[in-house]
Structure formats: structure tokens, C-alpha cells
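# Analysis of the macromolecular model
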Amino acid sequence: MTTSGPGTIYPNVLHADRHSALWRCLLLPLWIWIGEQVVQVRASHQHFHPHSIKLPGDITLGGLFPIHARGPHGVNCGDLKKEKGIHRMEAMLYALDQINSDPELLPNITLGARILDTCSRDTYALEQSLTFVQALIQKDISDIRCSNGEPPIIRKPERVVGVIGASASSVSIMVANILRLFEIPQVSYASTAPELSDNNRYDFFSRVVPPDSYQAQAMLDIVKALGWNYVSTLASEGNYGESGVEAFMKISREAGGVCIAQSVKIPREPEAGEFDKIIRRLMETSNARGVIIFANEDDIKRVLEAARQANLTGHFLFVGSDSWGAKSSPIAELEDVAEGAVTILPKRVSIDGFDQYFMSRSLENNRRNIWFAEFWEDDFRCKLTRPGIKLDSDKKKCTGGERIGRDSSYEQEGKVQFVIDAVYAVAYALHNMHQDLCPNSHGVCNSMDPVEGRLLLDYIRAVNFNGSAGTSVLFNENGDAPGRYDIFQFQMTNHSHPGYHVIGQWTNNLRLNLEEMQWSGGDKSVPESICSFPCKPGERKKMVKGVPCCWHCELCDGYQYQLDEFNCETCPTDMRPIPNRTACCPTPIIKLEWNSPWALVPASLAMLGILATSAVVITFIRFNDTPIVRASGRELSYVLLTGIFLIYLITFLMIAEPGVVACAFRRLLLGLGMAITYSAMLTKTNRIYRIFEQGKRSVTPPKFISPTSQLAITFILISVQVLGVFVWFAVVPPHTIIDYEELRPPNPDLARGILKCDMSDLSIICCLSYSIVLMVTCTVYAVKSRGVPETFNEAKPIGFTMYTTCIVWLAFVPIFFGTAQSTEKLFIQTATLTVSMSLSASVSLGMLYIPKVYVIIFHPEQNVQKRKRSFKAVVQAAKLSQKTDSQNGDTKIEPDRSQ
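Residues numbered from 1 in each chain as written. Predicted model: local features only at pLDDT ≥ 70, side-chain atom pairs only at ≥ 80, totals over all residues. Heavy atoms only, no water.

### What about the packing of aromatic side chains?
Within a pair of aromatic rings, the relevant descriptors are the distance that separates the centres and the angle that separates the planes. Selection criterion: Any pair of Phe, Tyr and Trp rings, taking the six-membered ring for Trp, is counted once the centres come within 6.5 Å. Such a pair is stacked with planes under 30 degrees apart, edge-to-face with planes over 60 apart, and tilted for the rest. Numbered from the N terminus, helices here are DSSP runs of H or I no shorter than four residues, and strands are runs of E no shorter than two. Burial classes: relative accessible area under 20% of the type maximum marks a residue as buried, over 50% as exposed, and values in between as partly exposed (1.4 Å probe, protein chains only). By definition here, charges over rings are those cases where NZ of Lys or CZ of Arg is within 6 Å of the ring centre and within 35 degrees of the ring normal.
Across all of its chains, the model carries 22 aromatic pairs by this definition. Taken together, a centroid distance of 6.1 Å and an interplanar angle of 55 degrees make the contact between tryptophan 228 and tryptophan 519 tilted. Placement of tryptophan 228 in the loop between helix H5 (212-225) and strand E9 (230-236) and of tryptophan 519 in the loop between strand E20 (510-512) and strand E21 (539-544) is noted, with a sequence separation of 291 residues between them. Here tryptophan 228 matches tryptophan 519 in class, with each residue buried. Site record: aromatic cluster; members linked through ring pairs are Tyr94, Phe354, Tyr357, Phe358, Phe372, Phe375, Trp376, Phe380 and Tyr410. One Lys or Arg, arginine 744, reaches over the ring of tyrosine 559 and ends 3.9 Å from the middle of that ring.

Next up, the structure:
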């Protein structure tokens, strides 16, 4: 073992700090009064302390151990605690034996001890610890005389230079408050409350175990390693439990990522049904299956019992502090409930020398331990005979020949190593102090008589030696030992020896072997303890106010995608979210396909129309000089048939894939075919109307009725349409666009970009508007010419053509504009437009030319030259028509066919 002295830090340590001196001045009278009462009450027990062990020595150390559990109401002490009490206390005796037999450590100096039972109760421990300060209380006995007049001889109690203990943090805190007033250093082997790290309040307190702040950090690291973010805490009322949970909550808040669902405190004196209430409260947040527990053994056991009674075996996932550690007593007969529990314990090893020492203890060789007989009875479940006490017939008699580990189960208690290290820490401090103050002296010199408490404290804080486990024992400025923990898990299945298994270590950082862990039923997968399950792809987190680990998942709806964990963003216009809504993808582009029903029907009608038109043209060309062809006005007929052909042709341009050329021809031909057709019809009806109107007034024929004039008028009317289109070309050159807004329904999966020409609904109507004007005008003239005898001209067929065409286009308007909100708007409107144009062309073709073709082909005998009618005959017919109309609009005049 290596040691180190305090160096040059000691010239100033002989002076107490002003804060400590002030408290001593204030509280010393109180403690002196208490001490006087203790001296008076215990005056008859100066030579025998029934609740303490006294080992003589040159220097005496105090010891505080929970030999007994806390008693019921009104009783200080309860049942014997074999492991936490007897094992630990014997570890101190063992360490003293080792030190006193070591010639290199404190040579020629024997360490003695005064060991007291705290009964696991802080108030009782405070009363017991007054024994340690009796020697420091000056009692005025000048007024006391014996019966013979002599002053009394009062034996001065032994002076305790340092105290080993206590176990529970609440006890250490209570005791530390009195020991610091008398400057007695205290070294604990088990107290881990973070509060004890306050060097201003507990400046004489040190410990060889790490504080719970380290333990809390280790437990937080375990929780995070298991992927948990929502846990509850459970603490026994008192400094240990409450400060441990407080440290865990503080660290978790600072680190983030873990939220506390419930923080439950177990009362110091729980009432009946209290633990059932605790389980019910924990179940209020049932998702928080992880339970961080800082509680004593009794409370742990009763929590497990309550969980079983509530039929929640396997639900809670306990993470226990070092008070649970690797102990079997809290989980006895509750193994199924505790299965999977992860516990933490300061890193330790089993001390073989102590095992040999303890198992060799017997009633004969261990008489210095006043509680050993009680331990013997409890361990071997027998009864020792005592004078005047009748032996219980239910228990066997102890023979004294029983052996620990042979006739009873034995396992070294977890804190034995730290008890030994605590005793050695004080011993090394005394050794270094002796070397500095008594360099050439054997035994205790005057400089160490008495031992100065504050100076000894500084030597304790400066020690650095290899402890019983082979690890270094040292203290920081607050008297805390470094954090070194073993991580255990209680496992039952898949192991030949069910029990606690080491699954990791923590030394400033966690090393956890997840593959070695198993949970209830032997399951290898880590159970979940989370407030909210992870959101699915495409869902954002909407945090619950005040609980950073809880959230609601909201789907990024419509055309939104998941930008990050907490936000959704709308996709650009030309994109749509992918199915899982984690990104955007280009919107598919569609156009009207040739194999679509919306294209097949119009294309079929247009093809039939083109064939019919072509047949008419061919027939007219073939019979160009026949009377019927000549009488129909060959020049205007060819113009009109050209317009009809272009009307049919536009259907294929409207269905074709949009491009610059296709779009240009759409603009040009969409209105041109109809303009040609209705310009020719208007010219015809206007000629007929003018001839008959002129015939009513005079025998002079009207102007511009020759074929050349008719063609000129027709082309002038057509040029207006052509001029408008070319102006449109100049202002807005033809081009294609992809319309993403037209087909953008609520369901983004149905969204499409539509490839089309830059022709809006309004532009289409504007393009057709001139043709509609021609159509309406032509209809007006057809109505005015309705009284003309049918043998003279085509007025009536043209009239019927225009009436039917108007009906077709009146039906077109509501269909075209009524589908503006449809998801198939493009297809419906294109089909409606092309079908309407094909129907109007078919009406014109059918009414005006099919009858003529029929006569030419099937009745050639009627296609003969008749006597030519002069304008005089027309005038006569006009006058007869006028006269007949004035008498009875319904009377028909049969003209004289002999003309």
C-alpha cells in the first residue's frame, strides 16, 4: 500500500474557521447541558455499556452501525440486521485486528474502538453518539462532595478521535451536526446523500463511497442507454431517498432527454394501504414503466409486494440505487416481480480475508461482540440457554458447535469492503500524522495527545492508498470518494444460478452490455418506458406544454412534407409529397393521350367527318360542271367545304401532344375553320336576302352578287380572324406550359401537372368569338330569308343548319364552363369543344351537301339543266312571296316551274 502525507498544507489548519467557531459558541452550552444529563443518567454505567462494544487502545475510534432495525412505535430498536449490521460491524473489528497486527502501520500504537448501535434511527443514533463527545465536555464538579467530604473521583471517558459511520445518510447527517461542533472527523462507509457533499455544513464528514450525485448520473446514463425517456421516481422519506431523487431529477433536467412522470415519496411511518396507493399513482402514467427507486430495504420489499397484489408483475422496470444493490433480502419470495430490475452498487470485491475471519467466529472466540449471541440465534435459528430463562419448545437449542457458512448460508455483505477502507483511511491519516508530529517517538507523543480533530481531518483528506479491493482510496475537496459502480440485473431464466448478474460498470462514463440483459420471461428486447411513441415518417411532433418528452404526432397533410422533427413545409408548386411525406418529388406530367376515351370519341367523329367531307369534295370535283354543283355556287361551296374540313382537322391538333408548332396551329385553325365556314354561309344568306329584298323594290339587281364578289366578301370576313390570330402571335408567341394548379386535388397522390398550350378558357372563347358573331349574323339572315321559295336557293337548308348549330353551341357553353372544377377538366373540355365543333361541321355538311351528293350519285336524272331564271323571274317570285306573306304567312306559293 502507498500513502501520502498532507505536505505543506498544515501550518494554517490548526485554526478553526470562523463559521465553525461561531456555531460552537452558540450551540456548545446546549450540548454541554445534554452531556451533563447523559453523564448523570449513565453514571452507573461508566464501566459497562450494554449497547456498545469497547476495545481498549492508545487511540480510540468510534463506530456507528445499524445492528438492529428500527423498532415499532415507542420502541427504539427492532430485529437484528445480520448483513448490514453484524457483517459491517465485524468488518471494523477485522480491520482493527489487521492494523494492530501490521508492524508497518502505526507501529507501537494500538487502535481501540467504541462501537454503538444506531438501530437505524437518526434520533436514537444522535443520543448514542453523545458517548463520543463526553470526554470533550468539561463538567464543573467543584460543588460535589462525597459523604466523607472528599471530592468525587469520576473516571474520564475515553477520547474518540474519529468516527467510522454511519450507514444511513439521515443518521450520518444527524451525527455530523454534533461531531463537527467538537471537531471529530467522521468517515462513512455507506452514506451517499448528496447533501453531505456540502463542505460548509458538513466540513468534518468524509466518505469512502461516492455520493448519490454520481450514482444519480450513473442511473441517468442507464436510463438513456436503455432508450427510456419517461420514468417515475420513488424515494423513502429522509435524506438518502429524497436527496437521491432530487439529484437524479436535477441532473436529468440539466442533461435533458428524460422526463419525470411521477415523483412519489414513501412516508417514514407508512399507514395501511399506503403502498397500494403508491402503485395506483404510478399507474396513472402507465407508459412510465421505468421506476427510479431510492428506498430502504423494507420499503423496496413492500413496493414489490404491492405490485404483485395489483397483478402488475412484470410491468414495472425498476432501477434501484445502492440501497438495493445486490441484496437478496428485499426481493425474497418476490423474485418474479423484481425480475429484470437493474441495480447499482459501488464497485466492490469480496474480501477473502474477511470471509475466513467471519466464518471462523464462534461464541467462544468472539465474546467482544456483545450482539454476536443474538446473531448466532438468528443465523442458526436456535436458542441459547440463559440462567432463569425457560427454553422455547418451538426452537432447537444452540450447541455452540454450529459453524457459519456450513450450518447456515453466508454471503459477504456489499459494504464490508468500504467499512475496511474507512478504518484504514483513518489509520493511514493517523500514521502520517504520527510521522510528521512524532518523528522519533514510539507510541503517542505529546503532540498527538490529544489528537487535534481539524488537523486529523486534513490528513484524512490527503490519504491516497490502495484499498482492500485493490483500487485507490482518496477524497476530493468535499470529502467524497470517486464514483466507481458495478451495474447489476436480477435475472431468473436462462441461467443456472438465478440472481444478480453484472451487466456493466460506471466510472465517469457508462459501459453497459445490452446483450447480457434479459427481462421478464427471459425476453432479450429492451422494454419501452416512453411518454410518446416515435412519430411515423411524415408526422411532426407537437410538444405537450411543460413535458418535453411528451408529444402528439400530427400528420403533415395536404401537400406538406416533414421538414424536420417539429415542422411541416408545403412542397413547391411543381412537386408533391412522396407517400411517407418525408420529402417532395416532381409531380407527374400528363397530357391527353390518343388511347383515352376522351380522345377516341372526338377523333372517331372527326375522322368520319373528314371522310364524308372528302367524299363530298371529290363528288363535287367529279361533277363540277353539272347543274346541281353549279347551282349550289361552286366557288363558295369549295370555300365552305374547306372550312368544314378544317373544323374536323382541329380535333387532331387539340388531341396531339402540345408543342410550339402544335400550339401555333391550334391558335390558327381553332377559329379559322369556323370563320371560313360561317363567312361563306353568311355571304350566301346575305346574297339571297339582298336579292329578294331588292326584288321587292325594283327590277335592278343588287351589287356584289357575282361569284367573284362573293369570294371577295368571304375572304374579307375570313381575314379578320386571320389578322386577329397573327396579332395574338405577335403579342404572346405560342408556347407550352405545365399547369400544376388545374389538377391539384386535396389528395396529393392524384396531383398531376398538365402539359398544354398557353390557351386559357378565356382565350379559347375569344378565339371562337368572331366565329360565333358570324354564326349569329348568319342565323339572323337565315331567319329573314325564311320566306324565300325553296326552289330558288339554299336559304332554308342554311337556316336549319344555323338553328341546329346554335343549339349545339348553346349546349356547349354550360358543359365547357361547368367542368372547370373537375379533376378531368382538360379532358372534358377538350372533348366537349372538339365534339361540338365536329357536330356543327356535320350539321353544315349534312344539311347543305349530303342531299346534293345523294341526288348526284343516286338520281343523276334529276341533275339536268333547267331553264335559267332571270332576275325578272326572281322579282316576280319575290312579289308573290310578299303578297302571300301579307295575306297568310302560312300559305305556300308554288312557283311556275315552266320558267
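### Concerning a nonpolar patch on the surface
Quick note on the threshold: Patches were defined on residues exceeding 30% relative accessible area and lacking a salt bridge, with like-charge contacts within 9 Å and nonpolar side-chain contacts (Val, Leu, Ile, Met, Phe, Trp, Tyr) within 5 Å. For the accessible areas, the method is Shrake-Rupley and the probe is 1.4 Å, while residue cover comes only from the protein chains on display. Criterion for a salt bridge: a side-chain nitrogen of Lys or Arg within 4 Å of a carboxyl oxygen of Asp or Glu.
A contiguous nonpolar surface patch, about 450 Å² in accessible area, is contributed by Val601, Leu605, Met607, Leu608 and Leu611. Positionally, leucine 611 belongs in helix H14 (residues 597-622). Judged by relative accessible area, which is 52%, leucine 611 ranks as exposed.

### Details of the pairing of strand E12 (residues 317-320)
Counted only if it meets this: What makes two strands pair is DSSP finding at least two bridges between them. Seen with its strands pointing away from the viewer, a crossover is right-handed if its path from the first strand over the helix to the second goes clockwise.
Every second residue of E12 is oriented toward a common face, with Leu317 and Val319 on one face and Phe318 and Gly320 on the other, all of them buried. Strand direction decides the pairing type here: strand E11 (residues 290-294) and E12, joined by four bridges, are parallel. Each bridged residue has a counterpart across the sheet, and for valine 291 the counterpart in E12 is phenylalanine 318. As a crossover connection, the stretch from E11 through helix H8 (residues 297-309) into E12 is right-handed. The pairing of E12 with strand E13 (residues 342-346) spans two bridges and is classified as parallel. Bridging from a neighbouring strand, valine 319 pairs with valine 342 of E13.

### Let's talk about the sheet that holds strand E29 (residues 752-757)
Within the open sheet, the three strands sit side by side as E27-E29-E28. Their pairing is mixed. In the strand order of this sheet, the two ends are held by strand E27 (589-590) and strand E28 (736-743), each with one partner. Note: E28 against E29, five bridges, orientation antiparallel. If you follow isoleucine 738 over to E29, its bridge partner there is leucine 755.

### Digging into the pattern of salt bridges
Opposite charge on two side chains permits pairing when their charged atoms draw close. Using the criterion set out here, one finds 24 salt bridges in the structure. Between arginine 406 and aspartate 407 there is a salt bridge, with the nearest N and O atoms lying 2.9 Å from each other. A relative accessible area of 57% places arginine 406 in the exposed class. With its nearest N and O atoms 3.2 Å apart, the salt bridge here joins glutamate 593 to lysine 591. When salt bridges that share partners are traced, they join Arg180, Glu183, Asp203 and Arg454 into one network.

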